[in-house]
Amino acid sequence: MTSRWLFLSFLLFQLSFSQSDLLQQVNSLELQGKFKEAELLLQKALADGTIGSGERKQLAFEFDRLDRIRKDYPLSKERLFKILSESVKELTQQEFDRWIAEGRFDSRTIDGTLFFMGSSRSNLFFRYPELSARRIHAPDDTEFERSTLHAVETIAAEARRRATPFVLPRTFRNTMTVTLKADAVPPRENVRAWLPIPRSFPHQKNFRVISSSSPIKNLDSEASPIRSVYLEQKTEEGKPTVFSVEYEYTGYGVFFDVKPESVKAYHRNDTEYVRYTKEGPHVVFTDRIKTLSAQLAGGEPNPFVRAKRFYDWISETIKYSYALEYSTIRNISEYCAQMGYGDCGQAALLFITLCRYNGIPARWQSGWLTIPGGKTIHDWTEIYLSPYGWIPADPYMGVFAMQYFKGSEERRKKIRDFYFGGLDQYRMAANSDHNQALNPPKRSFRSDNVDFQRGELEYGETNIYFDKYSFKLDVQEVKSN
């Protein structure tokens, strides 16, 4: 019996080692831009009928990940120049070539050809705001800036007046719609859909479903860390498949008037403290994180002051950029710190990682920002401070305030400081943590395995990726009588 057990253990070790070695080879080839070679290795491994279902699923994801990366880099050099020529006044080929040499664009050499990220035009202006004077058809952020400043000023004033952090509730009636393209999957297939809906928070209450495109198969608990409504529908030839849910909820403005001297020490054996100060997916205490933490925190003992230093540094240093798909990035917080830019979720994960490394409980919160003039999918964070509890911190709004807001220095700092402990009412928060599992579980892998805002689709054992469907959130504020 002992010999047989040792043999089986050795065999399992060999299989595990072989797969680990294979994945290292695939990763190395991907980083070298040898996608076809990586795909051949994965195809050969997947053809082995002896591998288990778990290993097969991981290898299949790695194969799919290569295709996802290709989708993130669709632009040739010639196509990018044409796009920029229509967006930047008096752009010359010589200047464009210099920008490429300077590394101003996200690019990948894939099987010998240089490709550029699809958001290269927008990211150029985010990362180099001095080019705004040359921008053709610049977006107008006036309404977003006005709405943000109004929310900041009114919420903070009311919270101080009433001596409570949750004020000025607003009720919203939203419709989330996910539309699968016609003939994106075969006809008469049963498509499974997960659509994000508001979960329960102290700042978000009174949720109720009004209608849905088909009978609801599952409505997640209001305490779910990744709350969804689950629907099913069969496809019809030549027609799009539409999933929707209409609902109401109430969102509160939030403002914690934290006094640093009143912040108390943590109970470090507390279950929640341990959970939200440890490493996890995309929250890894790398050498870069440790060095950055030492530079920013120094010997500061107060957790509020330390966290504010991280938040302020991100606000003033990390440039906003539209992101690569999260599922294609191995470690998002490290990526953001290394590159010096990122979107709201990447900045949020960097902030969470710095806080957790310093023993400050921090977690994810995400869904949609629905503020007038700025509706978009959005991620932010919460940190725990005793005796205040969980307080919001939105690193992106700090970045927006300090680097892109067109108002005075005083107003920029007012917005930045508000969103460290404050939140506007215009949120639809579906998630209280990242990298969570949907309910019921997907049979296939996720399109976004970190966040959940755009909905997820599959049929059979096959994931339906983002390029095959569209999503939108219609928002209507319900005025009180």
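Attention here is on the structure that accompanies the text. Predicted model only: the values in this text are computed from it and were never measured. (Residues numbered from 1 in each chain as written. Predicted model: local features only at pLDDT ≥ 70, side-chain atom pairs only at ≥ 80, totals over all residues. Heavy atoms only, no water.)

## Here's the deal with helix 7 (residues 142–162)
Part 1 of the reasoning: Taking 1.5 Å of rise per residue, 21 residues should cover 30 Å, and helix 7 covers 30 Å from first to last C-alpha, within 8% of that figure.
Part 2 of the reasoning: Restricting attention to buried positions, one finds in helix 7 the residues Phe-144, Glu-145, Ser-147, Thr-148, Leu-149, Ala-151, Val-152, Ile-155, Ala-156, Glu-158 and Ala-159.
Part 3 of the reasoning: In the core, the buried residues of helix 7 are packed alongside strand 3 (166–180), strand 8 (241–255), strand 11 (362–369), helix 13 (395–404), helix 14 (409–418) and strand 14 (422–423). (Helix = DSSP H or I, 4+ residues; strand = E, 2+ residues; numbered from the N terminus. Expected span 1.5 Å × (residues − 1). Buried < 20%, exposed > 50% of the residue type's maximum accessible area, 1.4 Å probe, protein only. Contact = heavy atoms within 4.5 Å.)

## Structural notes on the packing of helix 13 against helix 14
Part 1 of the reasoning: The geometry of helix 13 relative to helix 14 is characterised by a closest axis approach of 8 Å and an angle of 180 degrees between their N-to-C directions. Considering the angle they form, helix 13 stands roughly antiparallel to helix 14. On helix 14, the residues that touch Met-397, Gly-398, Ala-401 and Met-402 of helix 13 are Glu-409, Arg-412, Lys-413, Ile-415 and Arg-416.
Part 2 of the reasoning: Split by residue class, the contact of helix 13 with helix 14 holds 4 nonpolar, 1 polar and 4 charged. (Axes fitted to C-alpha atoms, helices over the stretch in contact; angles between N-to-C directions. Parallel < 35°, antiparallel > 145°, perpendicular 65-115°, else oblique. Nonpolar A, V, L, I, M, F, W, Y, C, P; charged D, E, K, R; others polar.)

## Observations regarding the sheet that holds strand 13 (residues 389–393)
Part 1 of the reasoning: A sheet is described by the order of its strands in space; here 4 strands give the open sequence 13-12-11-15, paired in antiparallel fashion. This sheet does not close on itself; its edge strands, each paired only once, are strand 13 and strand 15 (427–431). The mean inter-strand angle of the sheet, taken between neighbouring strand axes irrespective of direction, is 40 degrees.
Part 2 of the reasoning: Pairing of strand 11 with strand 15 involves 4 bridges; the strand directions are antiparallel. Following the sheet pairing, Trp-368 is matched in strand 15 by Met-428. (Pairing = 2+ DSSP bridges.)

## A look at the side chain of Thr-381
Part 1 of the reasoning: Inspection of the secondary structure puts Thr-381 in strand 12 (residues 376–385).
Part 2 of the reasoning: Classification of Thr-381 as buried rests on a relative accessible area of 0%.
Part 3 of the reasoning: Polar side-chain contacts of Thr-381 include one of 2.7 Å to the backbone oxygen of Ala-393.
Part 4 of the reasoning: Not counting residues within four places of it along the chain, the set of residues in contact with Thr-381 comprises Ala-348, Phe-351, Ile-352, Arg-363, Gln-365, Ile-391, Pro-392, Ala-393 and Pro-395. (Polar contact = N/O pair within 3.5 Å; in protein donor to acceptor, adjacent residues only side chain to side chain.)

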